Amino acid sequence: MDAALQIVDAILQANPRVLKDPAPRIGVARITDFTVSLGVKPWATVPDYEAAVAEINKAILVAFRARNIALPVPQREVRML
């Protein structure tokens, strides 16, 4: 978890669209039976917000894959009796 949070923080710090003040918020947003969801809340100007979110999400996926941080795939088991 710490590694994932550090990766996200580095990505936010490197993105020029993300405002430094106020600082972005990063943390554990939700814990469920099967997943831990990260909350990534960058601040950006209104015209830059959508592009910033798209760039950040892509960078997170690329960085997680490069470091073998797996993204869980929802699974269900259905038994028919």
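First, a word on what this report is: a plain description of the structure on this page. (Residues numbered from 1 in each chain as written. Predicted model: local features only at pLDDT ≥ 70, side-chain atom pairs only at ≥ 80, totals over all residues. Heavy atoms only, no water.)

Judged from the six bridges that link them, strand β1 (residues 25-31) and strand β2 (residues 36-41) form a sheet pairing that is antiparallel. Looking at β2, one finds that I26 is bridged to V40. What sits between β1 and β2 in their antiparallel hairpin is a turn of four residues. (Pairing = 2+ DSSP bridges. Helix = DSSP H or I, 4+ residues; strand = E, 2+ residues; numbered from the N terminus.)

In this section: the nonpolar core. With 12 residues, the main nonpolar core is built from A4, I7, V8, I11, L12, V18, A44, A52, I56, I60, A63 and F64. Elements that contribute at least two residues to this core include exactly α1 (2-14) and α2 (46-66). What A4 contacts, discounting residues up to four positions off in sequence, is L38, F64 and I69. (Core = buried A, V, L, I, M, F, W, Y, C linked by side-chain atoms within 4.5 Å. Buried < 20%, exposed > 50% of the residue type's maximum accessible area, 1.4 Å probe, protein only. Contact = heavy atoms within 4.5 Å.)

With that settled, the discussion passes to a nonpolar patch on the surface. A surface patch of nonpolar side chains, amounting to about 380 Å² of accessible area, comprises M1, V28, I31 and V36. Along the polypeptide, V36 turns up in strand β2. By relative accessible area, V36 is classed as partly exposed at 42%. (Patch = residues over 30% accessible without salt bridge, like charges linked within 9 Å, V, L, I, M, F, W, Y side chains within 5 Å. Areas by Shrake-Rupley, 256 points an atom, 1.4 Å probe, with all protein chains shown as cover. Salt bridge = Lys/Arg side-chain N within 4 Å of Asp/Glu carboxyl O.)

With that settled, consider the side chain of N15. Along the chain, the position of N15 falls in the loop between α1 and β1. Look past the residues within four positions of N15 in its chain and what remains in contact with it is K20, A52, E55 and I56.

This part takes up the pattern of salt bridges. With the rule as written, the count across this model stands at three salt bridges. A salt bridge links R17 to D48; its shortest N-O distance comes to 3.1 Å. Of this pair, R17 sits in the loop between α1 and β1 while D48 is found in helix α2, placing the two residues 31 residues apart along the sequence. Put simply, R17 and E55 hold a salt bridge, and the shortest N to O gap is 2.9 Å. Here R17, found in the loop between α1 and β1, pairs with E55, found in helix α2; they are 38 residues apart in sequence, far enough to count as distant. The exposure class assigned to E55 is partly exposed, which follows from its relative accessible area of 32%. Taken together, the shared-partner salt bridges connect R17, D48 and E55 into one network.

Here the amide bond leading from D21 into P22 is cis, since omega sits at 5°, within 30 degrees of zero. Considering the arrangement of structural elements, one finds P22 in the loop between α1 and β1. The phi dihedral of N68 falls on the positive side, at around 55°, and the residue is not glycine. Along the polypeptide, N68 turns up in the segment after α2.

By themselves these figures say nothing about function.
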